[in-house]
Every structure is written in structure tokens, then in C-alpha cells.
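These are the residues of each chain, in order.
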Amino acid sequence: MANLKEIRNRITSVSSTMQITSAMKMVSAAKLKKAQDAITAMRPYAEKLTELLQDLSATLEGEVGGDYTTQREVKKVLLVAITSNRGLCGAFNSNIIKEIKNRTEFYAGKQVDVFAIGKKGNDALNKTHKVHGHHNAIFDHLTFENVAGIADNLTEKFLSGEYDRIELVYNQFKNAATQIVQVEQFLPLAPINTTGTAASSGDYIFEPSKEEIVLTLIPKSLKTQLYKGIRDSFASEHGARMTAMHKATDNATELRNQLKLTYNKARQAAITSEILEIVGGAEALNG
């Protein structure tokens, strides 16, 4: 059994760790509320924008997406991995890295590059993949304008023919304890299924033409899609970290209680031993 000093040192160390994890949990909980409100408020807008785009496209004849919908033979693929800049958030980052590897296997025989958003994904994927570019500072100033610049960059890579397909891989926020890995096709735009779709756009007068409106909405929709993905990932990160730190705090509390019990037992054994030595010494003197 360890001596009393070693046990006391371990109790102090575990208590310090518990304070740190508890503080990180509270910080993530505070940030999660703001991030959750942001993604919850944005989803209806993103869904309505997609609905409007599909509604307009359903009433048009022929190919209305222009270069954005060009279906080329897939030879070069760009996977956009959205992770975090910091760790201590459970399997949040490792799930994305694992999914990137799965998508790489899916596109076996083709050129697969990675565009990393988040330091953790960039550091890990640099060892196994060709990371074409990265953005680590986006989470410091997460605004639509900053994300729009990244979306324009990705769009240009597709329109110029540098890549034949671009996919987003990120964690979708469900709740603080649950994050769902999502793989979304960014470009080319997936064909719009008009089966059973009612053309409700006949109730409106369009100025300019529907075609011009669709071609204006597509870049806006792509920027919104990327922004929603990063926002989802940002909220998921804080949810995952809050959950991980909550579990770490509980484990540290349990370990500290066990160490205190061990310490008390060892201390009691030491006291009992000292008493026995004193009694034995006294009896020896009297004898």
C-alpha cells in the first residue's frame, strides 16, 4: 500500500484536475447556449432558401444550374473536413477523421484531397492525406462574410475544373450529448427531384426572370450551406466538450473519493500500528 504522503499528493492532483474539468464544462455550457441559438435560428432560413430554389427550378425547363450542376466524370475529389481547433471534446474530431478515411476508401483509385477547417483535423490528416488548404482561424471570427470567402474559394475550384466533386464532412448538432456525422455534396449541385412537387411559384411575379433568380440564389445557397455546416460543427464541438468534461469531472470525483477512503484506511492502520507499538513497549518495560 502506498504511503500517506503519496496518497495525499494524488488526492491533491485529482482535485486540481477536477476543478479544471469542471471549469471547462461550465465554459462550454455557456458557449453552447449561444452556438445552439445561432444554428437553431439559422436552420429555418437555410431550409426555406433550399425550398425556394427547388420550387423555382421545378417550374423551369432544361438545365437551369449552369456550371454549378455540371456532372463530370469523378476523377478528383475534395473533402472539406470541419473539425475544431482544440481537443478535450471526446470523439468529436476523431469521428470526422474516421469518416474522411472512409470516404477516401470509397473513392479508391481517384485523387482525393482534403481541405481542413479546424486545427485538429489539419494536424491529423496531414499525416495520411494531401491537405490542399486549411482555415484554422475561422472559429475566432465566425461570421457569414468570412465563411462566404471560403465558399467562393471552394466554388472556384469546382468551376475551374480543378475538382470534379466537393463534399462537406462535419458533425451535425442534435443535442449536447449527440452529434451526427454528416457527408453533404457541396458541388456539383445534386439534381433536383421534381416528382410530386407542386409548382407553387405560379402565384408570384418574378423580376428579373426565374432563370436569373435561380442563378443568383445558387451561390447564396452554397455559402449558406457551408456556413450552416460550420455553425453546426461549432455547436457540436461545445456540446461534445461539455459532455466529455462532465464525464471527466464525475470520474475525477469518484477517484478522489476512493483515494480518500484509501487514505483514511492507511492512516487508521498507521495509528493502530503505533498504538500497538506503544502498548508493546509499555508491557516490555513492566515485564
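In case you missed it, the structure is sitting above this.
Along each chain, residues carry numbers from 1 onward, in the same order as the chain's sequence is written. At least 70 in pLDDT is required for a residue's local features to be given in this predicted model, at least 80 for side-chain atom pairs to be given and counted, and no such filter applies to totals for whole chains, interfaces and linings, which use all residues. Note: side-chain values were computed over all heavy atoms of the structure, leaving out hydrogens and water.

**Student:** Even after reading the chapter, I still don't get the sheet that holds strand 3 (residues 130-135), so can you show me in this structure?
**Tutor:** Hydrogen bonds along the backbone pair up the strands of a sheet, which may run parallel or antiparallel. Spatially, 5 strands are ordered 3-2-1-4-5 in an open sheet, and the strand pairing comes out mixed. The open sheet has two edge strands with one neighbour each: strand 3 and strand 5 (178-187). Neighbour-to-neighbour, the strand axes of this sheet turn through a mean angle of 25 degrees, independent of strand direction. Paired strands, as defined in this entry, are two strands with at least two bridges between them according to DSSP. Comment: elements are numbered from the N terminus, with helices defined as DSSP H or I runs of at least four residues and strands as E runs of at least two. Here strand 4 (residues 165-175) pairs with strand 5 via 9 bridges, running antiparallel. Paired with Gln172 across the strands is Ile180, a residue of strand 5. Any two residues whose heavy atoms approach within 4.5 Å are treated as being in contact. Fitted lines through C-alpha atoms serve as axes, helices being fitted only where they are in contact, and the angles separating the N-to-C directions of these axes extend from 0 to 180 degrees. Those strands touched by helix 2 (residues 92-106) are strand 1 (76-82), strand 2 (111-117), strand 4 and strand 5, and its axis lies near 150 degrees from that of strand 4. Along the sheet, helix 4 (residues 144-159) contacts strand 1, strand 2, strand 3, strand 4 and strand 5; its crossing angle with strand 5, the most-contacted strand, is approximately 45 degrees.

**Student:** What is the right way to read a nonpolar patch on the surface from this model?
**Tutor:** Taken together, the side chains of Ile271, Ile275 and Val279 present a nonpolar region at the surface, about 220 Å² in accessible area. Among the secondary structure elements, Ile275 is positioned in helix 5 (residues 210-286). A patch consists of residues whose relative accessible area exceeds 30% and which take part in no salt bridge; residues with like charges are grouped when within 9 Å of each other, and nonpolar side chains (Val, Leu, Ile, Met, Phe, Trp, Tyr) when within 5 Å. Accessible surface area values rest on a Shrake-Rupley calculation with a 1.4 Å probe, where residue burial reflects the displayed protein chains alone. We define a salt bridge as a contact between a side-chain nitrogen of Lys or Arg and a carboxyl oxygen of Asp or Glu at a distance within 4 Å.

**Student:** Got a minute to help me understand the side chain of Arg231 in this structure?
**Tutor:** As for its placement among the helices and strands, Arg231 is situated in helix 5. Only protein chains enter the accessibility calculation, which uses a 1.4 Å probe; a residue is then buried when its area is under 20% of its type maximum, exposed when over 50%, and partly exposed in between. Asp and Glu count as negative and Lys and Arg as positive, but His and the ends of the chain are not part of the count. No salt bridge forms around the buried Arg231; measuring N to O, its nearest opposite-charge neighbour Glu145 is 9.3 Å away.

**Student:** Looking at this structure, I do not really get the nonpolar core. What am I missing?
**Tutor:** Note on soluble globular proteins: their nonpolar side chains tend to be buried together. Nonpolar cores are built from buried Ala, Val, Leu, Ile, Met, Phe, Trp, Tyr and Cys residues. Side-chain atoms within 4.5 Å join them into one set. If you look at the biggest cluster of nonpolar residues, it comprises 40 residues, and the most contacted ones within it are Ile117, Leu154, Phe186 and Leu226. Looking at this core, the elements that each hand over two or more residues are helix 1 (4-58), strand 1, strand 2, helix 4, strand 4, strand 5 and helix 5. Broken down by element, this core gets its largest block of residues, 11 residues, from helix 5. In this view, Leu154 contacts Leu78, Val80, Phe115, Ile166, Phe186, Leu187 and Leu226; residues no more than four positions away in its chain are not counted.

**Student:** Explain the pairing of strand 1 to me, please; I cannot follow it from the model alone.
**Tutor:** Burial within strand 1 is extensive, with 6 of its 7 residues counted as buried. Here strand 1 runs beside strand 2; their pairing, made up of 7 bridges, is parallel. Across the sheet, the residue bridging to Val77 is Val112, located in strand 2. Orient the strands so they point away from the viewer, and a crossover whose first-strand-to-second-strand path over the helix runs clockwise is right-handed. Viewed along the sheet, the connection from strand 1 through helix 2 into strand 2 turns out right-handed. Relative to strand 4, strand 1 runs parallel, the two sharing 5 bridges. When the bridges of strand 4 are listed, Val77 appears paired with Arg165.

**Student:** Please explain unusual backbone geometry as it appears in this structure.
**Tutor:** Leave glycine aside and you will find that most residues have negative phi; peptide bonds, for their part, are mostly trans. With an omega of 0 degrees, the peptide bond between Leu187 and Pro188 qualifies as cis. Tracing the backbone shows Pro188 in the loop between strand 5 and helix 5.

**Student:** Please explain the packing of aromatic side chains as it appears in this structure.
**Tutor:** A ring pair, where both rings are aromatic, is described by two values, the distance of the centres and the angle of the planes. The pairing test for Phe, Tyr and Trp rings, Trp by its six-membered ring, is centres within 6.5 Å, and the orientation test on the planes gives stacked under 30 degrees, edge-to-face over 60, and tilted for anything in between. If you walk through the whole model with that rule in mind, you get 3 aromatic pairs. Summarising the aromatic geometry, the rings of Phe139 and Phe234 are spaced 5.9 Å apart at their centres and angled 15 degrees between planes, so their arrangement reads as stacked. Taken together, the residues Phe139 in the loop between strand 3 and helix 4 and Phe234 in helix 5 connect sequence positions 95 residues apart. No difference in accessibility class separates Phe139 from Phe234, as the two residues are buried. With centroids separated by 5.5 Å and ring planes inclined at 90 degrees, the aromatic side chains of Phe144 and Tyr227 adopt a geometry described as edge-to-face. Pair noted here: Phe144 is in helix 4 and Tyr227 is in helix 5, with a separation of 83 residues, a long-range link. Residue Tyr227 is classed as buried on the basis of its relative accessible area of 13%.

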